[in-house]
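Chain and residue survey
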Amino acid sequence: MNINEGARIVVEDWLHLTKDNLVYFVTDETKLKEADAFSKACDHIGANCKVVQLKSHEIQNGKSIDALKWEMAKADAIVGATNYSFITTDAVNYALSRGAQFLSMPMSTNNGESLFEQEFLKMDPDEATMLGMPMFWELRDAKTIHVTTKRGTDLTFDITDRFPGIFHGSLWEVGKCSSSSFEIYIPPVEYHTNGTLILDGSMGYIGIVDKPVEIKIENGYITYIEDTEDGRKLKEYLESFDDLEMYCAAEFGIGLNTISKCRGASYIEDESAFGTFHIGFGRNLALGGNHNARGHFDLVTHNPTIIVDDKVIMKDGHAKAIQPIEWGVL
């Protein structure tokens, strides 16, 4: 897909920007061509775009984002378009509380293409919502999630008094955030996730695994990573943060994008792929959780069977027919 078409989709179909809206495009020195394409798409409809350029190595820890706290709160909309996601930072929480909208659009890719050139951006937000709403309603007021896979994953999550949400690119309401990752998400109760993950998808920013990796989680934290080539890459990545809170399971997600494939080209596409689930580790402040850390990353796994309380909502990566209910408004 042409980079300018990808930028147009975000400006018009996702952000719904109109004439004289003020939008902040927060990026880094590696994504200037995306900033240019986004600015041109804004100019086309008369929206005002302010590009904020940060240093790429400063994004993940959140400090440079927090320095923009007051400035970002002035915007009608904010796009987080750096290599790393900063949706879970306090600065985003503050901007949302002041009436801004926030779109998380991490631009990190592993295949040399721009994220604006990725075909999965063409997914219809309304279609993703229709696909996810039955599962969303089952997660509301539920207490537990149990996830298994044929490879041996067996995990339990406590979601008592935690509220799910749906990301589908599109933003409509003030004070709300969305993501280019099409997914249902819920922040599990910190320190209560337990079991074994057989990781056979991708390791977030690191890329796809060559062979499945066994990971154990006890009382919410990773306690064991199998000593394989991919396992060692994951360990090294985690250790680079020098923060034990990065080992905490802080998000449970289900992909809702039927165009996406978990192929390692982009972690946003990987975790969006329908038929996968992911666990987010680290910060979850903007997702409705209470956990802070120096970053956030996701591990994506294929073909889960997902049981919410005593009801199967997905079987081996396929959505189950759920008793019809009145959907209401998200």
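For the structure, see preceding data.
The residue numbers shown here count from 1 along each chain, following its written sequence. Given that this is a predicted model, residues contribute local features only at a pLDDT of at least 70 and side-chain atom pairs are listed and counted only at 80 or more, while totals for whole chains, interfaces and linings are drawn from all residues. Excluded from the side-chain calculations are hydrogens and water; all other atoms, namely the structure's heavy atoms, are used.

1. Things to note about the packing of helix α1 (residues 3-14) against helix α2 (residues 32-45)
Contact geometry of α1 with α2 gives a least axis separation of 8 Å together with a crossing angle of 55 degrees. Here α2 runs oblique to α1, going by the angle between their axes. For the element pair α1 and α2, the recorded crossing hand is right-handed. Note on element contacts: α2 touches α1 through K33, E34, A37, F38, A41, C42, H44 and I45, opposite I3, N4, A7, R8, V10, V11 and E12. In this description, a line fitted to the C-alpha atoms serves as the axis of each element, helices being fitted only across the stretch in contact, and the angle between N-to-C directions of two axes falls anywhere from 0 to 180 degrees. The way it works is that DSSP assigns letters per residue, a run of H or I at least four long becomes a helix, a run of E at least two long becomes a strand, and they are numbered from the N terminus. Here is the rule for angles: anything less than 35 degrees is roughly parallel, anything more than 145 is roughly antiparallel, 65 through 115 is roughly perpendicular, and the remaining ranges are oblique. Helix crossings get a hand from a simple test, with the near helix turned counterclockwise from the far one by less than a right angle marking a left-handed crossing and a clockwise turn marking a right-handed one. Contacts are residue-level and defined by heavy atoms, with any inter-residue pair within 4.5 Å sufficient.

2. So, empty space enclosed by the protein
A water-sized probe rolled over the atoms picks out the places where empty space is left. Points on a 1 Å grid, built from protein atoms alone, make a cavity when a 1.4 Å probe fits but cannot get out and make a pocket when they are open with protein on both sides within 12 Å along at least 5 of 7 lines; residues with an atom within 4 Å of a point are the lining residues. Grid points are joined across faces, edges and corners, and a volume is the space filled by probe spheres set on the points. Evaluation of the coordinates by the stated rule reveals one cavity of 30 Å³ or more. Looking at the largest cavity, its volume works out to about 120 Å³. Lining the largest cavity are 15 residues, and of these S85, I87, E251, E271 and H296 lie nearest its centre. The element contributing the most residues to the lining of the largest cavity is helix α8 (residues 267-272), with three residues. Gly is placed with the polar residues, together with every amino acid not listed as nonpolar (Ala, Val, Leu, Ile, Met, Phe, Trp, Tyr, Cys and Pro) or charged (Asp, Glu, Lys and Arg). Tallied by class, residues from the lining of the largest cavity come to five nonpolar, six polar and four charged.

3. Re the pattern of salt bridges
The working definition used for a salt bridge is a side-chain nitrogen of Lys or Arg within 4 Å of a carboxyl oxygen of Asp or Glu. According to the stated counting rule, one finds 14 salt bridges in the structure shown. Here E5 makes a salt bridge to R8, at a shortest N to O gap of 3.1 Å. With E5 and R8 both in helix α1, this residue pair falls three residues apart, about one helical turn. One salt bridge connects E214 with K216, and the closest N-O pair in it is separated by 3.1 Å. Residue classification places K216 among the partly exposed positions, given a relative accessible area of 29%. Residues participating in the shared-partner salt-bridge network are E5, R8, E12 and D13. Exposure is judged per residue with a 1.4 Å probe applied to protein chains only, and the accessible area is read against the type maximum: over 50% gives exposed, under 20% gives buried, and values in between give partly exposed.

4. Details of helix α5 (residues 90-97)
Turning to α5, its buried residues are A91, V92, A95 and L96. Buried residues in α5, looked at end-on, bunch into an arc of 135 degrees, giving them a common side. Where α5 ends, the next residue or the one after it, G99, has phi of about 100 degrees, a positive value. By arc we mean the arc of the directions from the helix axis to the C-beta atoms, nothing more.

5. Concerning the layout of surface pockets
For the second largest pocket, the calculated volume is near 150 Å³. Lining the second largest pocket, in full, are D13, H16, D124, P125, D126, T129, M130, H168, S170 and W172. Ranked by residues supplied to the lining of the second largest pocket, first place goes to helix α6 (residues 125-139) with four residues. Of the residues contributing to the lining of the second largest pocket, the split by class is three nonpolar, four polar and three charged.

6. Observations regarding the sheet that holds strand β3 (residues 77-80)
Across a sheet, paired strands are connected by hydrogen bonds in the backbone, their directions being either parallel or antiparallel. Read across the sheet, five strands follow the order β2-β1-β3-β4-β8 without closing on themselves; strand pairing throughout is parallel. Edge positions in the sheet fall to β2 (48-54) and β8 (177-179), since each has one partner strand and no second. Within the sheet, the average angular offset between the axes of one strand and its neighbour, ignoring direction, is 20 degrees. For two strands to count as paired, DSSP must find a minimum of two bridges between them. As defined by bridge partners, β3 adjoins strand β4 (residues 101-104) across four bridges and the pair is classed as parallel. Paired with I78 across the strands is F102, a residue of β4. Sheet strands touched by α2: β1 (22-28), β2 and β3. Its angle to β1, the strand with the most contacts, is close to 170 degrees.

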